[in-house]
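# Architecture and fold: a report
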Amino acid sequence: MTNRFYPVQLILLFLTACSTPSELIRQQAESHGFQPQIISSNLFIHAVYKKKTFCADNTVHVYIPGDGNPWRSRHRVALDPTPRYSLMLDLMALDNVASTQYLGRPCYLGQYKNNSCHALHWTHWRYSEDVVSSLQNVLHQQLSRFPECKATLIGYSGGGTLAMLIAPQLPQVSTVITIAGNLNVNAWSKMHAYSPLQGSLDPAEQLPLPSRIKQWHLLGGMDDNVPASISRQVIQDQPNAEILYFDKFTHQCCWKAIWPSVLKKINNAPE
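Attention in this report is confined to the structure presented alongside it.

About the criteria used
- Residues numbered from 1 in each chain as written.
- Predicted model: local features only at pLDDT ≥ 70, side-chain atom pairs only at ≥ 80, totals over all residues.
- Heavy atoms only, no water.
- Helix = DSSP H or I, 4+ residues; strand = E, 2+ residues; numbered from the N terminus.
- Buried < 20%, exposed > 50% of the residue type's maximum accessible area, 1.4 Å probe, protein only.
- Contact = heavy atoms within 4.5 Å.
- Areas by Shrake-Rupley, 256 points an atom, 1.4 Å probe, with all protein chains shown as cover.
- Phe/Tyr/Trp six-rings, centres within 6.5 Å; stacked < 30°, edge-to-face > 60°.

Secondary structure assignment for the chain yields eight helices and 10 strands. Across its three principal directions, the C-alpha atoms of the chain cover 75 × 45 × 40 Å. For the chain, the residues scored as buried account for 51% of the 271 residues in total. Nonlocal contacts in the chain, meaning residues at least 24 apart in sequence, comprise 76% of its contacts between residues at least 6 apart. Here the chain has roughly 13,400 Å² of accessible surface; of this, 54% comes from carbon and sulfur atoms.

As structure tokens, then:
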């Protein structure tokens, strides 16, 4: 019998292929030294990852991930909507603020088996009142222990949608940053010929955010998932909002390359 020796890279590739999406996200978070935590809200159980203590130096940056993989195909709903990679974890690792947190969405990161979860919570109801309320509740629990804390919500893609919907009900939110954010859900659905997200809220149909909240919206000129034109009018109707436009960027590329400089620009902006 011939002994077979397999390269380490091949073994790692096999192990990665066998890992669940939630396991891969956990591994990615651990590779950055982030600590896991489970928080129960009024409706759902949320998995979060954080760097050190919540709200160190009275500041916290909260990273809200995108929609992940809600569908296996155009007509088949995914069992677990968690993606196999999170851009937001990598961006969070580039953030020099002492306190950062990756806020897992309802039914993501292994929570899809929870009794409160239904596949509609990551498809048509992904931005529903229940989802928004649950995320608000988690942050309210944490922020209430730090009355002087100022929170910045940072949302990517559908996480940007949720950041805009969460922010008005949390007085300690001082800044919202969206990256390729879907800020006009109905227009986005029509553009892709998707069925309307019935049961979801739409930032384009809400009142503008309070002027106390500074807004920065990063748009990619080559983003064919959420084109800049989809969100631009919504942003222009917002008070205290600024667009950062990157002509050559797509929906996924190349946000990591500019993230430290964007954070520096925002941190140095006048009050």
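Read on for the rest.
Tallied over the entire structure, the rule returns seven aromatic pairs. On the numbers, 6.0 Å between centres and 45° between planes, the contact of phenylalanine 54 with phenylalanine 146 is tilted. Of this pair, phenylalanine 54 sits in the loop between strand 2 (45-51) and strand 3 (59-64) while phenylalanine 146 sits in the loop between helix 4 (129-143) and strand 7 (150-156); the two residues are 92 residues apart in sequence, bridging distant segments of the chain. Classification of phenylalanine 146 as partly exposed rests on a relative accessible area of 21%. Seen from their ring centres, phenylalanine 249 and tryptophan 255 are 4.9 Å apart, and the 75° between their planes marks the pair as edge-to-face. Tryptophan 255 carries the same exposure label as phenylalanine 249, and that label is buried.

Further remarks concern the side chain of histidine 121. Take histidine 121: it is sitting in the loop between strand 6 (100-103) and helix 4. Overall, the relative accessible area of 8% leaves histidine 121 in the buried class. Once you skip the residues sitting within four places of it in the chain, histidine 121 turns out to touch Phe44, Cys107, Ser116, Arg126 and Val131.

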